[in-house]
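Fold and contact review
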Amino acid sequence: MSQMIVKTQELTKQYGHHRAVSSISMRVRKGAVYGLIGRNGAGKTTFLKMLAGLAAPTKGEIELFGRKGRELGAVRSRIGCLIEAPGIYGNMTAYDNLDLKCRFFGIRKKGYIEDILKLIGLSDSGKKKTKNFSLGMKQRLGIGLALVGEPDLLLLDEPINGLDPQGIVEVRDTIMRLNQERNMTIVISSHILEELSKIATDYGIIHHGELIQEITREELMKRCVERLEIATDTPEMVVPVLDTMGIKRYQIVDSGHVWIFDGIDQSPTINRELVQAGIAVKELKLCSEKLENYYLNLTGGGSHAEYH
Amino acid sequence: MLNIIRMDFARMMRSKSQYILWIVMAGLLILTTATMGSEFRDPKASAENWATIQDQAGESAENLGMYVTIPTKPGEKATLYDLFYGNVQGKVEAIFVVIFAVLFAASDIRCGYIKNIGGQCKRRSSLVLSKAVNLLIYTVLTFIIALLVQVVSNQIFFGYLEIGPVSELSAYVAVQILLHYALALIVMAIAIMISNNLISMTLAILMCMNMTMLLYAMIEKGIHSLFDKNVDLVTHTVTGSISFLQAHGSSDALFKASLVAVIYGVVFTTVSALVFQRRDIR
């Protein structure tokens, strides 16, 4: 069983009368890239701030690396984070900003800062002050700052905001490399679902401060893939018919539905065989769901959706 | 903790504002010394200056605003001690200490850099303590620079360098460093707790211009009307102690001023550390 790096239990954050995060119980396994999906104002940033130790929960518990309560202080240095806009000193260079964080950790290794600058693509920034950086450069520096200290857990709040297509690809590649080469656990929030789908291994969908679903990539893809949906009162009688037809990939979803993933272009033949077998088919339809639509259907927010 | 202090020290040394403030302070000290030098050569002005000093010695109420007068008797040589005392009492050094304290204490919060480190400390209050340590370094360096500039200015504008009683000067400088450091800690606490640079800076400058005298006077009046007791708040405050610590004060006076500095410094630093520890980082 995978070790759980992050566990939250009924985590809640209340600001006055407004409940920004409501009773979130979540698990992130070691080595996962956990995508936190939600529209603006859903509670993603507030949730990440609590994990990062920047905000105290109103209720609930956080467990990181097997530690909780007062013991959390001992493991906080194993977390790197980029929350909202990158926090950088405008009158300093990228090197100086990274140098300060290295001093915070007591890191004196030669070439350490240069390696990070190379990783985030800012080796050529030289003496340029960060106040003159583009948004994408600032974002990358923010990621670089999060990487100082070799964190085991990386919390990234919408890291591709403001990046051009090339920048998005570079950040995505960096994240994947960190996950694969360093086995870094990454929690990344975004409302750009298509990008998230390329890197995340697990998903948590947040809506109005609540975690409405946790799902793995495999499960999500299954739910989004093209399929034939059959509505019938006797799904168990459908199975022998499909086996006879040589259809191997299907799933009895519940007591009234069967999903078929093979031979979906043979829907008239499937329908005929089922009827001939005496199965009352209430509905037979071809379905496929884009990730965005899956999210929108789940949250019921078609008119307010943000997708690209 | 040591790493955090090193980080803040590097940040302080890389801060342009520190050097700009020192340059401006040096310029102001040169200007005041030049002015004093020319006044000193005028017997009438010298006598007026002495009369002002005599009036102030018998009072406990401060004047509003900033001013510099030196405690040199007419006909005597103006010493380094006299000039240094005059500038300190006029809060010349104080204003540059508080301006830097506001800028330094809040810059990591203002630009958001605190998000990179605030969640990774075992105890967030150590970030406040680190700032306090570095403000001590800044205060000491400020006074060293002030003294060096004064030495050079005295030589140039008075034509001689008379230091004055060294042990008394040393004791006075040490206590004033302590008082100015306490003032820096008070301002740091205000900057951290209020999280608004404009208000913090305004309050800090008003403190240096003795505007808090109005507040103290109101409180003293209130206590008198409620309890029929006369209370002297001013000499129990940091800004009051900076202004009223006499040039050749007794050891009791020096001790009392030091105690005021230590108490205010510890209380304000503790409160700001606790507030910072508990408050969310936005």
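See the structure shown above.
The paragraphs below set out a description of the structure included in this document. Note that this is a predicted model, so its numbers are computed, not measured. Residue numbers run consecutively from 1 along every chain, following the written order of its sequence. All chains are assigned letters beginning at A, and all ligands numbers beginning at 1, according to the order in which they are written. In keeping with the model being predicted, local features are shown solely for residues with a pLDDT of at least 70 and side-chain atom pairs are shown and tallied solely at 80 or more, while totals for entire chains, interfaces and linings include all residues. For side-chain calculations, the full set of non-hydrogen atoms in the structure is used, while hydrogens and water are omitted.

Examining the sheet that holds strand S11 (residues 227-232) of chain A
All names here are of chain A. An order of S12-S13-S11-S14 is seen for the four strands of this open sheet, with the pairing classed as antiparallel. The outermost strands of the open sheet, each flanked by one partner alone, are strand S12 (250-254) and strand S14 (281-287). The sheet shows a mean angle of 20° between the axes of neighbouring strands, taken without regard to direction. We treat two strands as partners when DSSP finds at least two bridges between them. Only runs of H or I of at least four residues qualify as helices and only runs of E of at least two qualify as strands under DSSP, and these elements are numbered from the N terminus. Summarising the sheet, S11 and S14 pair through six bridges and their orientation is antiparallel. When the sheet's bridge partners are listed, Ala231 is paired in S14 with Glu283. Here an axis means a line fitted to C-alpha atoms, over the contact stretch when the element is a helix, while the angle between two N-to-C directions is reported on a 0 to 180 degree scale.

Some points on the interface of chain A and chain B
A contact between two residues is defined here by any heavy atoms of the two lying within 4.5 Å. At the junction of the two partners, chain A supplies 34 residues and chain B supplies 25 residues. Where chain A abuts chain B, roughly 2600 Å² becomes buried across the two surfaces, and 53% of that area is made up of carbon and sulfur atoms. We define a salt bridge as a contact between a side-chain nitrogen of Lys or Arg and a carboxyl oxygen of Asp or Glu at a distance within 4 Å. Applying the counting rule to chain A against chain B returns three salt bridges. Note that Arg14 of chain B and Asp96 of chain A form a salt bridge whose closest N and O atoms lie 3.9 Å from each other. Throughout this description, a polar contact denotes any pair of N or O atoms lying within 3.5 Å of each other; where both atoms belong to protein, one of them has to be capable of donating a hydrogen while the other can accept it, and for residues adjacent in sequence the pair is counted only when both atoms sit in side chains. Counting every contact that joins chain A to chain B gives 14 residue pairs in polar contact (both at pLDDT 80 or more). Counting residues per element, the ones that place at least two in the side of chain A that touches chain B are strand S1 (4-15), helix H1 (44-52), strand S6 (79-82) and helix H2 (94-105) of chain A. Take the side of chain A that touches chain B: its biggest share by element is eight residues, from H2 of chain A. When residue character is reported, Ala, Val, Leu, Ile, Met, Phe, Trp, Tyr, Cys and Pro are called nonpolar, Asp, Glu, Lys and Arg charged, and the others, Gly included, polar. Grouping the amino acids of the side of chain A that touches chain B by side-chain chemistry returns 18 nonpolar, seven polar and nine charged. Computed with a 1.4 Å rolling probe, the buried area is the accessible surface lost when two parts are put together, summed over both parts.

Structural notes on the packing of aromatic side chains
When the centres of two rings from Phe, Tyr and Trp lie within 6.5 Å, Trp using its six-membered ring, the rings pair. Their planes under 30 degrees apart give stacked, over 60 give edge-to-face, and anything left gives tilted. Per the counting criterion, the structure on display carries twelve aromatic pairs over all chains. Between Tyr89 of chain A and Tyr113 of chain B the ring centres are 4.6 Å apart and the planes differ by 25°, which places this aromatic pair in the stacked class. A residue pair is termed interchain when its members come from two chains, as with Tyr89 of chain A in the loop between S6 and H2 and Tyr113 of chain B in the loop between helix H5 (92-111) and helix H6 (114-117). Only protein chains enter the accessibility calculation, which uses a 1.4 Å probe. A residue is then buried if its area is under 20% of the maximum for its type, exposed if over 50%, and partly exposed in between. Judged by its relative accessible area of 9%, Tyr89 of chain A falls in the buried class. Note on Tyr113 of chain B: relative accessible area 1%, which makes it buried. With a centroid separation of 5.2 Å and 80° between ring planes, the pair formed by Phe104 of chain A and Phe105 of chain A is classed as edge-to-face. For a Lys NZ or an Arg CZ to count as sitting over a ring, it must be within 6 Å of the ring centre and within 35 degrees of the ring normal. Across the ring face of Trp259 of chain A, the terminal group of Arg227 of chain A is positioned such that the distance to the ring centre comes to 3.9 Å.

Some details on the pattern of salt bridges
Residue and element names in this part refer to chain A. Scanning the entire structure with this criterion turns up 20 salt bridges over all chains. Its salt-bridge partner being Asp202, residue Arg29 comes within 2.9 Å of it at the nearest N-O pair. In this pair, Arg29 is assigned in strand S2 (residues 18-29) and Asp202 in strand S9 (residues 202-207), connecting sequence segments 173 residues apart. By relative accessible area, which is 29% here, Arg29 ends up partly exposed. Here Arg78 makes a salt bridge to Asp152, at a shortest N to O gap of 2.8 Å. In this pair, Arg78 is assigned in the loop between strand S5 (67-68) and S6 and Asp152 in the loop between helix H4 (135-147) and strand S7 (153-157), connecting sequence segments 74 residues apart. Residue Asp152 is classed as partly exposed on the basis of its relative accessible area of 34%.

Quick notes on empty space enclosed by the protein
Residue and element names in this part refer to chain A. Cavities and pockets are defined on a 1 Å grid built over the protein atoms alone: a cavity is a set of grid points where a 1.4 Å probe fits but cannot escape, while a pocket is an open set with protein on both sides within 12 Å along at least five of seven lines, and lining residues are those with an atom within 4 Å of any such point. Grid points are joined across faces, edges and corners, and a volume is the space filled by probe spheres set on the points. The final tally for this structure, using the stated rule, is two cavities of 30 Å³ or more. The computed volume of the largest cavity comes to approximately 50 Å³. Sorting the residues of the lining of the largest cavity by element identifies helix H5 (165-181), strand S8 (185-190) and helix H6 (193-199) as the ones contributing at least two each. Counting residues per element, the lining of the largest cavity draws most heavily on H6, at three residues. Taken together, the residues that form the lining of the largest cavity break down as five nonpolar, one polar and two charged.

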